[in-house]
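# Examination of the molecular architecture
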Amino acid sequence: MIDGAETLNILRESTVTVFVNSVAGGGRARFYLTQIQKLFASFHILAQFVMTKSALELESFAQNAISQGRRALFAMGGDGTFQALANAAFGAEVLLGVLPVGGGNDFAAALGLPRDPLNAADAILRGEPRLVDLLRVRTAEGRIRLYAGGGGIGLDAEAARYASGTYRRLPGRSRYIASALRAFAGFVPLEVRVDFPGSDRIPQEAKALVVAALKTPTYGAGLRLAPGATLEDGSVHVVLIEDIGIGVLRLLPRLMGSGELRTSRVKRWQVRKVRLTTQKPTVFHGDGEILGSTPVEIEAVPRALQVLAPTPPLMSLPVGGTGKLPPRQLPRITE
């Protein structure tokens, strides 16, 4: 475990490798790239920015960097970009960071990072390591993959295809809502069985709109499916939304606004492992990436990675008699 005192030394005494997803967030990565490069320089941190065209390429580049002894690796993109880095880095003694410029950024939000990419970068470079869990899925094809935020089957998995294609340039939550509406037009609810291996919980069978397995409170750019989830609770948060037909349309105004899902047709469980079986094979996604098909088994991997996160405020240290700390200021950057 890299401690807080060692963090800045690692960042300043070695080259930080930043893998940039050039198409993340509809091109937001390129928009912020120069400003973030200047921010790193203002912290006297030497960084190599590596442009990547796909998750597969990023993962390969990251594995190569680790084999060369690089100890600090950042992903500049969205949740899918960080997933590629996490799979490359799992099991290695490295320090990771995420610069959120993607469409969802739910993992970054769970870390407590600001939405603005520059403010998020500043928080990371001032931050400290945090051990976080991951989720590991095994698909029907035998593929094993780690993911960091949310995954599942049903309407959201079908919507993931549109979110990364037709609607990829839409901002934030609207991208996922539009994708879900498009997918809903031809969607047939799933006949699903939910088992909890290693637990005495009773298996569940239902006709479902969505069955999700999450590590973060939100996914789809802030949709709050698992409000009680944290990155360190050692659990899989399972959410089953029963088939509610066109009633889903009545939920849209609240989803677009607060991101909350309030309906009695939702069931939730917090477990170490879950198995999802469907009457007909269907695709499973993790962090918006299609990973394979059902049946799938998902389990929590506690304390899987060290990730830079914002330093908690020290509110017990009064400043100027106010009892509050002055706000952090971003280093001045000139174009």
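Residues numbered from 1 in each chain as written. Predicted model: local features only at pLDDT ≥ 70, side-chain atom pairs only at ≥ 80, totals over all residues. Heavy atoms only, no water.

Our focus in this paragraph is the overall build of the protein. Within the protein one finds nine helices and 15 strands. Relative to its 335 residues, the protein shows a buried fraction of 51%. Within the protein, contacts between residues separated by at least 24 positions form 72% of all contacts whose residues are at least 6 apart in sequence. When the accessible surface of the protein is split by element, carbon and sulfur atoms take 51% of a total near 15,300 Å². (Helix = DSSP H or I, 4+ residues; strand = E, 2+ residues; numbered from the N terminus. Buried < 20%, exposed > 50% of the residue type's maximum accessible area, 1.4 Å probe, protein only. Contact = heavy atoms within 4.5 Å. Areas by Shrake-Rupley, 256 points an atom, 1.4 Å probe, with all protein chains shown as cover.)

Our next topic: helix α6 (residues 117-125). Burial within α6 is extensive, with eight of its nine residues counted as buried. Every buried residue of α6 is listed here: Pro117, Leu118, Ala120, Ala121, Asp122, Ala123, Ile124 and Leu125.

A word on the pairing of strand β8 (residues 190-195). Two elements, β8 and strand β9 (residues 204-214), share five bridges in a ladder whose sense is antiparallel. Bridged to arginine 193 within β9 is glutamate 205. Strand direction decides the pairing type here: β8 and strand β12 (residues 273-278), joined by four bridges, are antiparallel. The residue bridging valine 192 from the neighbouring strand is threonine 278, located in β12. (Pairing = 2+ DSSP bridges.)

Okay, the environment of leucine 113 next. Of note, leucine 113 is situated in the loop between α5 (106-111) and α6. Between the alpha carbons of leucine 113 and alanine 123 there is a distance of 6.9 Å; along the sequence they are 10 residues apart. If we ignore the near neighbours within four places in the chain, the residues touching leucine 113 are Val98, Pro100, Ala108, Ala120, Ala123, Ile124 and Pro310.

Another point: the environment of glutamate 59. Here glutamate 59 is to be found in helix α3 (residues 55-67). Taking the C-alpha atoms as reference, glutamate 59 lies 5.4 Å from alanine 88; in sequence the two are 29 residues apart. Discounting residues that sit within four places of it in the chain, glutamate 59 has contacts with Ala84, Asn87, Ala88 and Arg145.

Applying the stated criterion across every chain yields a total of six aromatic pairs. Here the aromatic rings of phenylalanine 40 and phenylalanine 49 are separated by 5.6 Å at their centres, their planes lie at 80°, and the arrangement is edge-to-face. Between phenylalanine 82 and phenylalanine 107 the ring centres are 4.5 Å apart and the planes differ by 20°, which places this aromatic pair in the stacked class. Here phenylalanine 107 lies in helix α5 and phenylalanine 82 lies in helix α4 (residues 79-89), a separation of 25 residues in the sequence. Each of the two residues, phenylalanine 82 as well as phenylalanine 107, counts as buried. Aromatic rings pair up to connect Phe40, Phe49 and Phe74 into one cluster. (Phe/Tyr/Trp six-rings, centres within 6.5 Å; stacked < 30°, edge-to-face > 60°.)

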